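Topology and contacts: notes
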Amino acid sequence: MMEGCEYTIGMLVMRPCGMPVSSACGHCGIPVCGAHAMSGSSGMPACPRCASTRDEYGDNEDTELESDRDEYYSEYGGTSSYGNDDYFTPEELAAVHPSQQRESRLSAAEDGEDDYDSGNS
Amino acid sequence: MKAPSKLSVEASKAVTSRSLTGSWDFQTLVALLHEIKRWDTKVGVGKARAKRLLNAGILTTVLGIFAFIVWSMVEDSPGPLLYAVPVLGCTIGMGYLGYRKGKQWRSVDIPDEVRLTLLPVLQSLRQDLHPGRKIRVQLALRVFDEDQHKTKRSLPPGRNKSLTEHTYDEPVGMVRLPLANGAFVVIRISNHYVQLTRSYSNARGKSKTKNKWKKQTWVTCIMIPESPSIEWNSQRVRKFVDPKHEHFAVSQRRGVTAASISRKYVFKKAEDHPEDTFPPEQVMKMLVCLNTIRAVQPAKGTGR
């Protein structure tokens, strides 16, 4: 049993929200926090993912992000398997040969020192 | 043209200095970019008004000349032409005012990519950012100046009297975003304009000049992974990176292998330079593409 909100946030770094749970999605059943529990005309709470596919729930930033994420990842097999061990096919895994994939190098400008400097002011 | 007093000190400084350089947290940066967006929108309205004034001045001057000629022919006297001097003086003045105002607004204009490309991308990535690290920004808030070309050359004229090519550079800049998993994303944008001026004589022997404009926008998305164990899946690169329009590159640096996708967009327009911008959705697609060709995927549940 997860202790925090299980709604997946992020576009590039997808991870569970993790905030304290306030209810469960009435459609998929995942525990969600107050920020990710949307109420529709029926009064049933829904996570932004389920709300984005149902008319009874309005749109907000999270449902829009959810729709955008689905659209961006649809070409790559969707978001549901992203991050799982089986995300790559065996052929794709076999294709990881870093020495062969260096098709060209970034230009000096793109490869600037500052891009790698993790120091923050 | 002065920056309006309603802007915050930092936004006013950015608009006046025509550059935005530094490190900010997400909320502050977005608020700052929204202020700059409002200023840019105001400049856009001012430019459009000035253009309308210029066009109205040209149109009324041309129509006025015809009207006074016809009037003096109907009256069979040069008398009406005396009225032409003040009236046409006003219409020419109106056109000149539009031209001057247009130049003034253009001198404080900001590349639309900041408002139409970078800001939407930042907002789409708001949940991915590292809460404790700052976003580094290096933006030139200055559009290219038509009086300062980068190169000028005469081309073989062919059937024309002359054919001249001018080029202009507009480096928009870059933002570096720290991601929640420790990786970094860098987005770089630059514009290059080509103006082709053709002088020729029409069938009636009248000299004419026409311009053709081409705007080339280069966008490069770089993903610098958080760990040396992360590599890039060459099979997925071949599968998903479009070699016709995109360029994939990797670079080994400080123990990690960074990858980038670059893409060029071309916009064309006659007479005036194109103001189209690279769509933010394309930047997001490039970033998502980079994210899905990482050979070692992050385990689900590693977060914040």
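Conventions we followed
Residues numbered from 1 in each chain as written. Chains lettered and ligands numbered in written order. Predicted model: local features only at pLDDT ≥ 70, side-chain atom pairs only at ≥ 80, totals over all residues. Heavy atoms only, no water. Helix = DSSP H or I, 4+ residues; strand = E, 2+ residues; numbered from the N terminus. Rg over C-alpha atoms; globule rule 2.2 N^0.38 Å. Buried < 20%, exposed > 50% of the residue type's maximum accessible area, 1.4 Å probe, protein only. Contact = heavy atoms within 4.5 Å. Areas by Shrake-Rupley, 256 points an atom, 1.4 Å probe, with all protein chains shown as cover. Lys, Arg positive; Asp, Glu negative; His and termini not counted. Charge placed at Lys NZ, Arg CZ, Asp CG, Glu CD. Axes fitted to C-alpha atoms, helices over the stretch in contact; angles between N-to-C directions. Parallel < 35°, antiparallel > 145°, perpendicular 65-115°, else oblique. Left-handed = near helix turned anticlockwise from the far one by under 90°. Nonpolar A, V, L, I, M, F, W, Y, C, P; charged D, E, K, R; others polar. pLDDT = per-residue confidence, 0-100. Salt bridge = Lys/Arg side-chain N within 4 Å of Asp/Glu carboxyl O. Core = buried A, V, L, I, M, F, W, Y, C linked by side-chain atoms within 4.5 Å. 1 Å grid on protein atoms, 1.4 Å probe; cavity = no way out; pocket = protein on both sides within 12 Å on 5 of 7 lines; lining within 4 Å. Points joined across faces, edges and corners; volume = space filled by probe spheres on them. Pairing = 2+ DSSP bridges. Arc of directions from axis to C-beta.

With respect to the overall build of chain B
Along chain B, the regular secondary structure elements total 6 helices and 8 strands. The order of helices and strands in chain B, counted from the N terminus, is α-β-α-α-α-β-β-β-β-β-α-β-β-α. The C-alpha radius of gyration of chain B comes to 26 Å, more than 25% above the 19 Å expected for a compact globule of 304 residues. Along the three orthogonal principal directions, the C-alpha set of chain B runs to about 90 × 50 × 25 Å. Looking at the 304 residues of chain B, the share that counts as buried comes to 48%. Excluding contacts between residues fewer than 6 apart, the proportion of contacts in chain B whose partners are at least 24 apart in sequence is 71%. Summed over its atoms, the accessible surface of chain B is roughly 15500 Å², and 57% of this surface lies on carbon and sulfur atoms. For chain B, the distance from the average site of its 50 positive side-chain charges to the average site of its 25 negative ones is 3 Å.

As for the packing of helix H4 (residues 112-124) of chain B against helix H6 (residues 280-292) of chain B
Residues and elements named next belong to chain B. Where H4 contacts H6, the axes come no closer than 8 Å and their chain directions differ by 50°. One element, H4, and the other, H6, form an angle in the oblique class. Considering how the two elements wind past one another, H4 and H6 form a crossing that is right-handed. Taking contact as the criterion, the partners of Leu116, Thr117, Pro120, Val121 and Ser124 in H4 are, on H6, Pro280, Val283, Met284 and Leu287. Residue composition of the contact of H4 with H6, by class: 7 nonpolar, 2 polar and no charged.

Some details on the confidence of the model for chain B
Residue and element names in this part refer to chain B. When pLDDT is averaged along chain B, the result is 87, and 95% of the positions lie at 70 or above. Averaged pLDDT values over the elements of chain B bottom out at 80 in helix H5 (residues 234-240) and peak at 94 in strand E2 (residues 135-140). Within the model, the stretch residues 300-304 combines pLDDT values under 50 with 12 contacts to residues more than four positions away or in other chains. Here the predicted complex scores 0.79 on pTM and 0.75 on ipTM.

Regarding unusual backbone geometry
Most of the time, phi is negative for any residue but glycine, and the peptide bond is trans. Residue and element names in this part refer to chain B. In this structure, Arg18 takes a positive phi of about 60° despite not being glycine. Mapped onto the elements, Arg18 comes out in the loop between helix H1 (9-17) and strand E1 (19-24). For Glu271, which is not a glycine, the phi torsion comes out positive at approximately 70°. Along the chain, Glu271 turns up in the loop between strand E8 (256-270) and H6.

What about the pattern of salt bridges?
Under the defined criterion, the tally for this structure stands at 13 salt bridges over all chains. Among the ionic pairs, Glu66 of chain A bridges to Arg49 of chain A, the shortest N-O distance being 2.3 Å. Of this pair, Glu66 of chain A sits in helix H2 (residues 61-74) while Arg49 of chain A sits in helix H1 (residues 48-51); the two residues are 17 residues apart in sequence, bridging distant segments of the chain. Accessibility expressed as a relative area gives 0% for Glu66 of chain A, which makes it buried. Here Arg49 of chain A falls in the partly exposed class, since its relative accessible area comes to 36%. Here Asp112 of chain B and Arg115 of chain B are joined by a salt bridge, their closest N and O atoms 3.2 Å apart. Highlighted residues: Asp112 of chain B and Arg115 of chain B, both in helix H4, separated by 3 residues, approximately one helical turn. Each of Arg49, Glu66, Arg69 and Asp70 of chain A takes part in a single network of salt bridges with overlapping partners.

Regarding the nonpolar core
Grouped together as the largest cluster of nonpolar side chains are 67 residues, with contacts concentrated most on Leu12 of chain A together with Leu20, Ile187, Phe248, Leu287 and Leu290 of chain B. Counting residues per element, this core draws most heavily on helix H2 (residues 26-75) of chain B, at 8 residues. Beyond its immediate stretch of four places on either side in the chain, Leu290 of chain B contacts Cys221, Ile222, Met223, Trp232, Phe248, Ala259, Ser260 and Ile261 of chain B. Counting 13 residues, the second largest nonpolar core, distinct from the first, contains Ile9, Met38, Ala51 and Tyr57 of chain A.

Quick look at empty space enclosed by the protein
Residue and element names in this part refer to chain B. Under the definition given, this model contains 1 cavity of 30 Å³ or more. Lining the largest cavity are 15 residues, and of these Asp112, Val143, Tyr193, His273 and Glu275 lie nearest its centre. Grouping the constituent residues of the lining of the largest cavity by class yields 5 nonpolar, 2 polar and 8 charged.

Remarks on the layout of surface pockets
Residues and elements named next belong to chain B. Each pocket or cavity is described by its volume, and for the largest pocket that value is around 1000 Å³. Considering the residues around the largest pocket, the lining is formed by 31 residues, among which Gly102, Lys103, Arg106, Glu146 and His273 are closest to the centre. Elements represented by at least two residues in the lining of the largest pocket include exactly H2, helix H3 (80-107) and strand E4 (162-178). When residues in the lining of the largest pocket are grouped by element, the largest group, 7 residues, is from H2. Classifying every residue of the lining of the largest pocket by side-chain character gives 8 nonpolar, 7 polar and 16 charged.

Points about the pairing of strand E5 (residues 184-201) of chain B
Residue and element names in this part refer to chain B. Of all 18 residues in E5, 14 are buried, a share of seventy percent or more. Relative to E5, E4 is paired through 16 bridges, and the arrangement is antiparallel. Its bridge partner being in E5, His166 is matched across the sheet by Gln195. Bridging between E5 and strand E6 (residues 207-224) involves 18 bridges; their strand directions are antiparallel. Note that in E6 the partner of Phe184 across the bridge is Ile224. The turn linking E5 back onto E6 is made up of 5 residues, and Gly205 within it adopts a positive phi angle of 85°.

Some remarks on H1 of chain B
Residues and elements named next belong to chain B. Taken residue by residue, H1 has Ala11, Ala14 and Val15 as its buried positions. End-on, the buried residues of H1 take up no more than an arc of 95°, which puts them together on one face. Exposed residues pointing more than 90 degrees away from the buried face of H1 are listed as Val9, Lys13 and Thr16. Among the structural elements, E1 and H2 are those in contact with the buried residues of H1. Backbone geometry just downstream of H1 places Arg18 in the positive-phi region, at approximately 60°.

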